[in-house]
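# Per-entry structural report
These are the residues of each chain, in order.
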Amino acid sequence: MTRVLAASRIATLLGSFDRDPAYKGLAEGLRVLITDGRVPVGARLPSERELTEAVAVSRTTVTRAYAELRDHGFLVSRQGSGSVASLPANRGHLVDHVLHPGTLDEGQIDLTVAAPAPGPGVLAAYERATEQLPAYLAGSGYFPCGLRVFREAVAATYDARGLPTDPEQIMVVPGAQAGVAITARALLSIGDRALVESPTYPNAIATLTHSGARLVGVDVPPDAAARTPDVDGLVTTLGQVAPRVAYLIPDFHNPTGALMTDEHRVQVARALKRTRTTAIVDESMVALALDGQQMPAPFASYSPTAISVGSLSKPFWGGLRLGWLRLPHDRLDAFFRARLSLDLGCPVLEQLVGVNLLEDSEHLLEHRRAQLRTSRDGALRAVATHLPEWQVARPSGGLNLWCELPRALSSALVPHAVGHGVRLAPGPAFAPEGGLDRFVRIPYTQPHHVLTEAIARLADAWREAIGDPGQRQSGTPTLVA
Ligand SMILES: Cc1ncc(COP(=O)(O)O)c(C=O)c1O
């Protein structure tokens, strides 16, 4: 089913555009919307007549703008579907979505993965867990849904957030990514539609795609302060597409950092109910509120059919490989079967570590948040100093800056960045249907002096990419400690 973008929506997204000549300005505005993914590839643009009225130009202007976009591959005409947004070959093309944590050459800085080093409590939690382990050594060690004590500890975190949860509803999984994969296995059949926000977490794009689902991306733009997302497009697209599942990151979205308000959660939950869509709610970042703000209620308290996905990776350490699903009671059997066809449970020791971490979480999380605040603020200062032409809002939580470049050069920037010793994921990696080449994600998960150096190097790479000779004379990159 082709999505249709209303002329009024396009007019809002376009805002004002250069009218000298108007057809060029209109074509350029639409081209930017398509390459950014705000007009998703595959969506139908309004008819020439509708757009003429909505943006107050002549019909000839719209005809010429559409013709220009068609000539350059940003629009294709499909029989019965009108003018459909497209991307020319090799521009913000679909990329390998999986972000791979990998080995680095000496002195390289990796900005492809948003995962902090373990906080101070992790080693102590392992030590306590080793003392607790003997109590489990008499049995087989297989706990396909997880250790009872860990499920209870996780259920208590939902109780504390105002969502009463029975430990039976918790299935322990090897991280949030595995949780999404198990959910896809339980809920999706080949050809089902899966709605995802654009941008979104690349590995979830890969998982849902590999499950055989047809992905539908929807732009959920954060407001100028990156605080809250605009959910109008999400609600409309749900109504138009009626997908089987919607993968959402309402709590400090990766990569934009936006936090969905309670009001918006209500609206989205209503739309999901109308279309009988199950939300897969990735709460990996929920514990990372950096500005001391009051958190909205968990999404599942508005949408009782939702599958919530949680993880210890971001608040504590990715090396634990420990996450969970919070399931509605009537899904427990189906998920149990889906899970057993993949693996038979998580390591006992790590679950005991998880219990110890959750017991002490308030204190440990305070430390983690303080670390991240320093890194976030340092990274923002470094961008403002070295790359003042990039636009970046201050996220109120999560792990990432989502930077908007003045030109669609994110993919072109990546090889230059590598030349300067920085590994970077280009914007299109976060785009389910292509586009977003005007964006770059900078995770602030490393110490702030490392980030400052990385961003200074990125500035050199950027000037190289845009052909500006006024570079910093950095010589061989060095990294302090
Ligand atoms: C939104 C989101 N979901 C899932 C993951 C993967 O987490 P885990 O290590 O728990 O599999 C990440 C990691 O960056 C993430 O940002």
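Residues numbered from 1 in each chain as written. Predicted model: local features only at pLDDT ≥ 70, side-chain atom pairs only at ≥ 80, totals over all residues. Heavy atoms only, no water.

Looking at the assigned domains, one finds that the chain contains domain 1 (7–85), domain 2 (109–118 + 363–466) and domain 3 (137–359). At the interface, five residues of domain 1 touch five residues of domain 3. Summed over both partners, the interface of domain 1 with domain 3 buries about 370 Å², with 41% contributed by carbon and sulfur atoms. Looking only at domain 1, the three residues that lose the most surface to domain 3 are Arg9, Arg38 and Pro40, adding up to 79% of its buried area. (Domains from an automatic or database assignment. Contact = heavy atoms within 4.5 Å. Buried area = accessible area lost by both parts, 1.4 Å probe.)

Moving on, we get to the side chain of Arg376. Of note, Arg376 is situated in helix H13 (residues 361–386). A polar contact of 2.8 Å, which involves the side chain of Arg376, links it to the backbone oxygen of Pro395. Once residues lying within four places of it in the same chain are set aside, the contact partners of Arg376 are Leu290, Asp291, Arg394, Pro395, Ser396, Leu401 and Tyr444. (Helix = DSSP H or I, 4+ residues; strand = E, 2+ residues; numbered from the N terminus. Polar contact = N/O pair within 3.5 Å; in protein donor to acceptor, adjacent residues only side chain to side chain.)

The nonpolar side chains of a soluble globular protein tend to be buried, and buried together. Within the largest apolar cluster, 45 residues are counted, with the highest numbers of intra-cluster contacts made by Phe150, Leu234, Val268, Phe299 and Phe316. Once residues within four sequence positions are removed from consideration, Val268 is found in contact with Val231, Leu234, Val235, Leu238, Leu248, Met260 and Phe299. Counting 38 residues, the second largest nonpolar core, distinct from the first, contains Met285, Leu380, Ala417 and Leu451. (Core = buried A, V, L, I, M, F, W, Y, C linked by side-chain atoms within 4.5 Å. Buried < 20%, exposed > 50% of the residue type's maximum accessible area, 1.4 Å probe, protein only.)

In this section: the packing of aromatic side chains. Counted under the stated rule, the structure contains five aromatic pairs. On the numbers, 6.4 Å between centres and 80 degrees between planes, the contact of Tyr136 with Phe143 is edge-to-face. Given a relative accessible area of 25%, Tyr136 falls into the partly exposed group. In this structure Phe143 comes out as partly exposed when scored by relative accessible area, which is 29%. Between Trp402 and Phe439 the ring centres are 5.1 Å apart and the planes differ by 5 degrees, which places this aromatic pair in the stacked class. Of this pair, Trp402 sits in strand S11 (residues 400–404) while Phe439 sits in strand S13 (residues 439–443), and the two are 37 residues apart along the sequence. An identical accessibility class is assigned to Trp402 and Phe439; each is buried. (Phe/Tyr/Trp six-rings, centres within 6.5 Å; stacked < 30°, edge-to-face > 60°.)

This brings us to the sheet that holds strand S6 (residues 214–219). Judged by pairing direction, the sheet is mixed, and its seven strands sit side by side in the order S4-S10-S9-S8-S7-S5-S6 without closing on themselves. Pairing within the sheet leaves two strands with one partner each, and these edge strands are strand S4 (170–173) and S6. Averaged over all neighbouring strand pairs, the angle between strand axes comes to 20 degrees, with direction disregarded. Pairing of strand S5 (residues 193–198) with strand S7 (residues 245–248), which is carried by three bridges, proceeds in the parallel orientation. If you follow Leu195 over to S7, its bridge partner there is Ala246. Taken strand by strand, helix H6 (residues 148–160) contacts S4, strand S9 (307–311) and strand S10 (323–326), and its axis lies near 115 degrees from that of S4. The sheet strands contacting helix H11 (residues 332–340) are S4, S9 and S10, and the helix crosses S4 at an angle near 15 degrees. (Pairing = 2+ DSSP bridges. Axes fitted to C-alpha atoms, helices over the stretch in contact; angles between N-to-C directions.)

This brings us to H6. Residues three or four positions apart in an α-helix share a direction because the helix packs 3.6 residues into each turn. Its 13 residues give H6 an end-to-end C-alpha distance of 18 Å, which sits within 8% of 18 Å, the value for a rise of 1.5 Å per residue. Those residues of H6 that fall on the buried side of the exposure criterion are Phe150, Arg151, Ala153, Val154, Ala155 and Tyr158. For H6, the elements touching its buried residues are S4, S9, S10 and helix H12 (348–359). One or two residues past the end of H6 sits Gly162, with phi positive at roughly 90 degrees. (Expected span 1.5 Å × (residues − 1).)

Here we take up the pattern of salt bridges. What the rule picks out here adds up to 19 salt bridges. Residues Glu68 and Lys24 are paired through a salt bridge, measuring 3.1 Å at the closest nitrogen-oxygen approach. Here Glu68, found in helix H4 (residues 59–71), pairs with Lys24, found in helix H2 (residues 22–36); they are 44 residues apart in sequence, far enough to count as distant. The shortest N-O distance in the salt bridge between Arg457 and Glu453 comes to 2.9 Å. Linking Arg457 with Glu453, this pair stays in helix H15 (residues 448–465), spanning four residues, or about one helical turn. (Salt bridge = Lys/Arg side-chain N within 4 Å of Asp/Glu carboxyl O.)

Helix packing for two helices is described by the angle between their axes and how far apart those axes are. Between helix H9 (residues 232–241) and helix H10 (residues 262–275), the least distance of the axes is 9 Å, while the angle of their chain directions is 5 degrees. By the criterion of interaxial angle, the relationship of H9 to H10 is roughly parallel. Side by side, H9 and H10 meet where Asp232, Leu234, Val235, Leu238 and Gly239 of the first sit next to Gln267, Val268, Ala271, Leu272, Arg274 and Thr275 of the second. Within the contact of H9 with H10, the residues separate by chemical class into six nonpolar, three polar and two charged. (Parallel < 35°, antiparallel > 145°, perpendicular 65-115°, else oblique. Nonpolar A, V, L, I, M, F, W, Y, C, P; charged D, E, K, R; others polar.)

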